[in-house]
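Residue-level listing of the chains:
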Amino acid sequence: MMTMLEHEAQTDESLHESSGSSDARLVEAARRGDQAAYGELVQRYEHRLARVIHRFVHDMDMAEDLAQETFLKVYERLEQFDSSRRFGPWLFRIGVNLTLDYLRRKKRRGRWSLFTDRYKDKAPDPAVADPRKALDLQQEVQKVLQMIPEKYRVVLALRDLENFSTSEIAAVLQRKEATIRWRLAEARHRFQYYWGKRHGTAMPENFTPSESAESNDEV
Amino acid sequence: MKCKTAKHQMALAVGEDLAPAEIQELQRHLQDCSNCQQTWEQHQCGFAVLQHSRTNEARPKSDSVWPMLSQRLRERDAGPQRGEFNGWIAALAVTAACVVLFVFSLEDSPLLVVRRQSGVSSGGTMVTSPDNSGQAVRPLLRRDEVRTMRSYNAAPKVDGSLRDPKLPVTE
Ligand SMILES: [Zn+2]
């Protein structure tokens, strides 16, 4: 698994924003107490991490708070980090787990649930690029995602919404890549099934396939 | 290829998660199976919806969490840790509460009458004033407050509340 991840590190920038010092060197410096080195790591990953967390909590303030908590936790655990591995998946594992734990606690309290209906009465989020247009489709997508069990939904969100590779998801969730591929297939099945049940194969009003096809590889 | 296998592979192929050799095999199956062709169209629709949804990406509100985070790290490294500090307060408060309850229950002072009321047994010992018989004075510390502080004290430092007052407001 690691061989594949290392190979991807060269081709896939999504978890590996390589500029300046390597992650490993910065981690080593941070372990020795060099906070500026840790700051560089934070700035390297923070926006990506906040965006991923936002996929789950749908609130950018909360996503940034959770990202900050993640970095704090990571800093406290730097000694435990296996430096023969990549930093990105480890960071995202802690961030995703922290987010899912947070949502589970909220759900248990009955105030919130994973991929919630919060959009129902919510004013457009100014953090979303084109909120008015985005809202209808987002609402529907969230409703359908809500119907899918968490273990599939997380894989679907990371792969199809955040463009992680299956091997990266395997590293983040600490599962075999075969397991992730199986969950991904299952998740896509369920998504298309529930989407079809609600909408047939019809697209939402403001949906144009060509537009989506062209803007895919921006993430 | 069986339809069950084809359906599994379609779900991967739609997001380009299938090896080229497997794609060819799937294509051969699709040419001959109208049932799977229909499923393929549904998969393409579902996937297109997700891809479209993905393009509406959120933008972070703050430039960086680092200024606030580095401040927290400096505070963390400089002073006593939050958990330990609160632990002290909690320990002192619990001790104070126990002493107060102990003194009240021992003392047979004419100024203070201490009664155990069965109805409030879970809420701690009630203290009443002799001048104002029956009117309850709020105990210094309810038992559930003591418990709350004990559990806070026992909680691991790292996993403190996510919405703790020290968190930055990133407007
Ligand atoms: Zn078939």
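Residues numbered from 1 in each chain as written. Chains lettered and ligands numbered in written order. Predicted model: local features only at pLDDT ≥ 70, side-chain atom pairs only at ≥ 80, totals over all residues. Heavy atoms only, no water.

## Some details on the confidence of the model for chain B
Reading fine detail from the predicted coordinates is not recommended where pLDDT is low.
Residue and element names in this part refer to chain B.
Here is step 1: For chain B, the mean per-residue pLDDT works out to 64, and 45% of the residues sit at or above 70.
Here is step 2: Here residues 98-171 is modelled with pLDDT under 50, and outside its nearest four sequence neighbours on either side it reaches 85 contacts, counting other chains as well.
Here is step 3: Model confidence for the complex: the whole-complex pTM is 0.63, and ipTM, which rates the interface, is 0.72. (pLDDT = per-residue confidence, 0-100. Contact = heavy atoms within 4.5 Å.)

## Describing the environment of Leu41 of chain A
Here is step 1: Mapped onto the secondary structure, Leu41 of chain A falls in helix α3 (residues 35-57).
Here is step 2: Along the primary structure Leu41 of chain A and Ala24 of chain A are separated by 17 residues, whereas in three dimensions their C-alpha atoms are 9.8 Å apart. (Helix = DSSP H or I, 4+ residues; strand = E, 2+ residues; numbered from the N terminus.)

## Here's the deal with the coordination of the zinc ion
Residues and elements named next belong to chain B.
Here is step 1: For the zinc ion, the full set of protein donor atoms is Cys3 (SG), His29 (NE2), Cys33 (SG) and Cys36 (SG), at a range of 2.1 to 2.3 Å.
Here is step 2: Sequence positions of the residues that donate to the zinc ion give the spacing C-x25-H-x3-C-x2-C. Like Cys33, His29 is buried. (Donors = N, O, S within 2.8 Å, 3.2 Å for Na, K, Ca; no water. Buried < 20%, exposed > 50% of the residue type's maximum accessible area, 1.4 Å probe, protein only.)

## Description of unusual backbone geometry
Here is step 1: Located in the positive-phi region is Asn163 of chain A, a residue other than glycine, with phi close to 65 degrees.
Here is step 2: One can find Asn163 of chain A in the loop between α7 (150-161) and α8 (166-173).
Here is step 3: For Asn163 of chain A, a relative accessible area of 26% gives the class partly exposed.
Here is step 4: The backbone phi angle of Glu16 of chain B is positive, close to 60 degrees, even though this residue is not glycine.
Here is step 5: Positionally, Glu16 of chain B belongs in the loop between α1 (3-13) and α2 (20-32).

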